[in-house]
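In case you want the letters, here they are:
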Amino acid sequence: MSAPTVPAAPAAPEVAPGPPRLAAADMAARLTAPFARGADRLPLVVRGTAVAPYDFQLHTAQFGVTPRPLYILQARQDVPAGTTVTLGVRGGPALSLPLADGLTAGTSVPLPDGTGILTGIQSGLAGPQEDWWRLTAFLGTMGRLLWAVGWERDHLRRQLTRTVAQRSVAHAYGAHLDRNGAGLGVVRAPGETDDAYRRRLTVARRWTLPTPAGLTAALNDAVGPLDGVADPLVLDDTDAELRRGLLPLRVAPLDLPPGQSVDLLGTIGTDLPRPPVEEVFHPGLLVALSPHAAESRPLPGTPDPLLVQPVVSAAIARLNLFASRSVVHAGYDPTAADARATGRAVLLSHDTIPASRIAALAHWSGFDLVTHRPDGLVYAECAPGELLGMETGDGTLPVDGTTTLSVRPLTPPPGSLVRWYLLRGGAGRGEFVGPAEGASVDFRGKAAGRIVVVAELRLAGLTASATRELVIRPVTVADNTAIGADGTLDPDPPSPMPPGEGLHPAFLVRHDDPAHAEYGTDAETHRMRREVAEHLDALIALVPPATTGKLVVRRDLSATASPLAKEARELRLSHPRLPLGTLGALAHRAGFSYVRVAGGVVTVSQEHQDPVRVTVPGLFRDILPIGTTVPLTVTPSPAEIGAAGVLGWSTGDGAAALLTTAPGTMSVRGEHGGPAWVQAAYRVGDKTGPYQLTVRLRPELTGHTLPPATRSLIIQLLDDLRPLGVEVVTRLLPGGNP
């Protein structure tokens, strides 16, 4: 790396330590020698308002190329909003860089590509500029990529530091300081400054605030002994167990009016930001649209056949699920002024569905930007994705089975070279049959599990790749052998739940499929965890239809049963017409976490999952139209749970709202476009919920009734001393009203 050429000067101390290094610099320091050219960088020296002279001669001499630097301006400390940085450029006009939102310490912005040699820097900020700024030149493509990848890390690292600091009164400001005050019960006066308010909060923090132990001691001291029992009162703020079910939703428009656009997050407007532009592209990697997914009807002057990038082809296939046989009027067109110039966009319509509706459905299908054009056509654009496609069939194959993998397009551009690679990160093993080059290869599975296949195409200076995961499933499981969900042989079985956190029997389900399964004489064998029942259904579906006999299902109900069996997460299976090894392989394929063949049975068990399910009947792919209200269903229902749990609902992300449309019915309404979620949670047992504590008598005083005066005293003390925002539950205090 070229060292800056600076005039000789007396040694001066470095400025105070700046913010953390650029994440890109950290990553570049860990690269090996082959990446040295691309990751080379040159830190520039800032002194006062000058940038010390420098050149790139060392880089040119070392690597034989003249670099095209990308300059990165990093803030050493928080820069106020509205700051404008002016940089002197040798032989050219000064460069003005406005920072409307400022910069936080450690974060950075790039200078425009093609900026020449820098000679000076000014920003109007007090003090030497080296106290405010750090300049770095990335001299290769790898450095540019590392900066793009690491920018978010630099930003999040600073934001995390700032967020954590808001917990402290000394560092909080504005609304964050108000939240600190709210926790102390000290409200900011109208017009009170942060400094004045912070002084009051500092004093308030010296108060002795009520804690469960302190509140218990105060109550017992005031009440005194009861029936000879000292400290008769107990306060309990242990939260009850929650059994949750979460439903992710995507709120999307039902129609898109003419002239409007919608982005991937559901924002609707007329001038939305465009997706980023791909850095590399080659028309020889485009694919033809499948006639099964859409009808091609090119506009006059539009290239035919209609070609698109693989990411667009996949989005059109998803659109076919919502509106079969949509019409595509334009795809790749090198003369287009939009993303059609690289095959990343199409013009759509439909013969029977209005344009406003087909535009909304294109958004549902995952297009990153959709516009309902005034001419009635729909412009649908995808963000850059893999330039190279790959066909893997259904993505599964048995051990010792063979499948053909191929790239799309099947005929790569002339002069290109396609090579195939395997990435092994787990138990899955496989191999290529024959050369690992060319548009298609044969792949053989060798060991059960997952394995990643990569196809890489190289053409001159272009490199494109496609990555897919294959699942290799076992054909049989050997006797006295276990297999995990990821294909690992003889793994540890799932862990039992911690003591005291076992699932209440009300959350078990009854599995009853007499046409395909035989459960024995004990009715409890039918009862099992919901996740176990779901995988048992999947196993029954995998048994070949021509197989006679029924699956034998047993659950160990003896006193010596394993913890998993007692939790209804373990079953013992057999079949009169299937070898145990074959049944074990099918159980693994059905998704059980742990399958063991031993002792004449197949033992299956499942990792713990939340036993609650939230569904919205009638929604396709969990897409909730804006303005639509639909009822929610929770399984098990409150009627099935009874007194074992109290149901509560919550939602988040703001795109949806919960509302009650009928007694005992909870519904969700789409408010605006974007991701959302709905959660149903049962509070199990008689313990308190969040922000609650219970007061009761000690067990030694069971049956004791408090005198009215004593109970009233306790209630008054709790009202005076309880922590702010905490509800005190007194229904367990005998005598009087709760």
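Remember, it's a predicted structure, so these values are computed and weren't measured experimentally.

The rules behind the values
Residues numbered from 1 in each chain as written. Predicted model: local features only at pLDDT ≥ 70, side-chain atom pairs only at ≥ 80, totals over all residues. Heavy atoms only, no water. Pairing = 2+ DSSP bridges. Helix = DSSP H or I, 4+ residues; strand = E, 2+ residues; numbered from the N terminus. Axes fitted to C-alpha atoms, helices over the stretch in contact; angles between N-to-C directions. pLDDT = per-residue confidence, 0-100. Contact = heavy atoms within 4.5 Å. Salt bridge = Lys/Arg side-chain N within 4 Å of Asp/Glu carboxyl O. Buried < 20%, exposed > 50% of the residue type's maximum accessible area, 1.4 Å probe, protein only. Core = buried A, V, L, I, M, F, W, Y, C linked by side-chain atoms within 4.5 Å. Phe/Tyr/Trp six-rings, centres within 6.5 Å; stacked < 30°, edge-to-face > 60°. Lys NZ or Arg CZ within 6 Å of the ring centre and 35° of its normal.

1. Details of the sheet that holds strand E25 (residues 429-433)
Taken together, four strands build an open sheet; the order of strands is E21-E23-E26-E25 and the sheet is antiparallel. Two strands lie at the open edges of the sheet, namely strand E21 (389-391) and E25, each paired on one side alone. Geometrically, the sheet is characterised by an average inter-axis angle of 30 degrees between neighbouring strands, direction not taken into account. Pairing geometry for E21 and strand E23 (residues 402-408), over three bridges, is antiparallel. If you follow Glu391 over to E23, its bridge partner there is Ser406.

2. Overview of the sheet that holds strand E33 (residues 551-554)
Ordered in space as E29-E35-E36-E34-E33-E31, the six strands form an open sheet in which the pairing is mixed. Looking at strand neighbours, the two that pair on one side only are strand E29 (481-484) and strand E31 (517-518), the edges of this open sheet. Sheet analysis places E33 next to strand E34 (residues 570-574), joined by three bridges and oriented antiparallel. Across the sheet, residue Val553 finds its bridge partner in E34, namely Leu573.

3. Topic: the confidence of the model for the protein chain
Any segment with low pLDDT has predicted coordinates that should not be analysed in fine detail. Within the protein chain, residue pLDDT values average 87, and 90% of them lie at 70 or more. Predicted confidence is poor over residues 1-18, with pLDDT under 50, and the contacts of this stretch with residues over four places away or in other chains come to 29 contacts.

4. Quick notes on the pattern of salt bridges
All told, the structure shown has 28 salt bridges when counted by the stated rule. Arg297 is the salt-bridge partner of Asp351, the closest N and O atoms lying 3.1 Å from each other. With Asp351 in the loop between strand E18 (345-349) and helix H9 (355-364) and Arg297 in the loop between strand E15 (294-296) and strand E16 (307-308), the pair connects residues that are 54 residues apart, well separated along the chain. According to the relative accessible area criterion, Arg297 is partly exposed, its value standing at 32%. Residues Asp338 and Arg340 are paired through a salt bridge, measuring 3.0 Å at the closest nitrogen-oxygen approach. Each member of the pair, Asp338 as well as Arg340, carries the same accessibility label: buried. One connected set of salt bridges, linked through shared partners, spans Arg274, Glu278, Arg344 and Glu381.

5. Quick look at unusual backbone geometry
Most peptide bonds adopt trans geometry, and most residues besides glycine take a negative phi value. Between Asp304 and the following residue, Pro305, the backbone shows a cis peptide bond with an omega angle of 10 degrees. By secondary structure assignment, the location of Pro305 is in the loop between E15 and E16. Between Thr635 and Pro636 the backbone carries a cis peptide bond, its omega angle lying at 0 degrees. Locating Pro636 in the fold gives a position in the loop between strand E40 (633-635) and helix H13 (638-641). Not every positive phi belongs to a glycine, and Arg325 is a case in point at roughly 55 degrees. Within the fold, Arg325 resides in the loop between helix H8 (310-322) and strand E17 (326-330). Residue class for Arg325 comes out partly exposed when judged on its relative accessible area of 38%.

6. What about the nonpolar core?
Ile316, Val328, Val346, Leu348, Phe367 and Val370 are the most contacted members of the largest nonpolar core, which totals 31 residues. Of all the elements, H9 adds the most residues to this core, at seven residues. Those residues in contact with Phe367 that lie beyond four places of it in its chain are Leu264, Val312, Ala315, Ile316, Val346, Ala362, Ala380, Glu381 and Cys382. Core analysis: the next-biggest nonpolar cluster, separate from the first, contains 28 residues, Val46, Val89, Ile117 and Leu135 among them.

7. A few points about the packing of aromatic side chains
Counting across every chain of the model gives eight aromatic pairs. Both rings, one in Tyr54 and one in Phe56, keep their centres 5.7 Å apart while their planes meet at 65 degrees; by these two values the pair is edge-to-face. Considered together, Tyr54 and Phe56 belong to a single accessibility category, that of buried residues. By way of ring pairs, the aromatic residues Tyr54, Phe56 and Tyr71 are connected into one cluster. A cation sits over an aromatic face here: Arg357 above Trp364, 4.9 Å from the ring centre.

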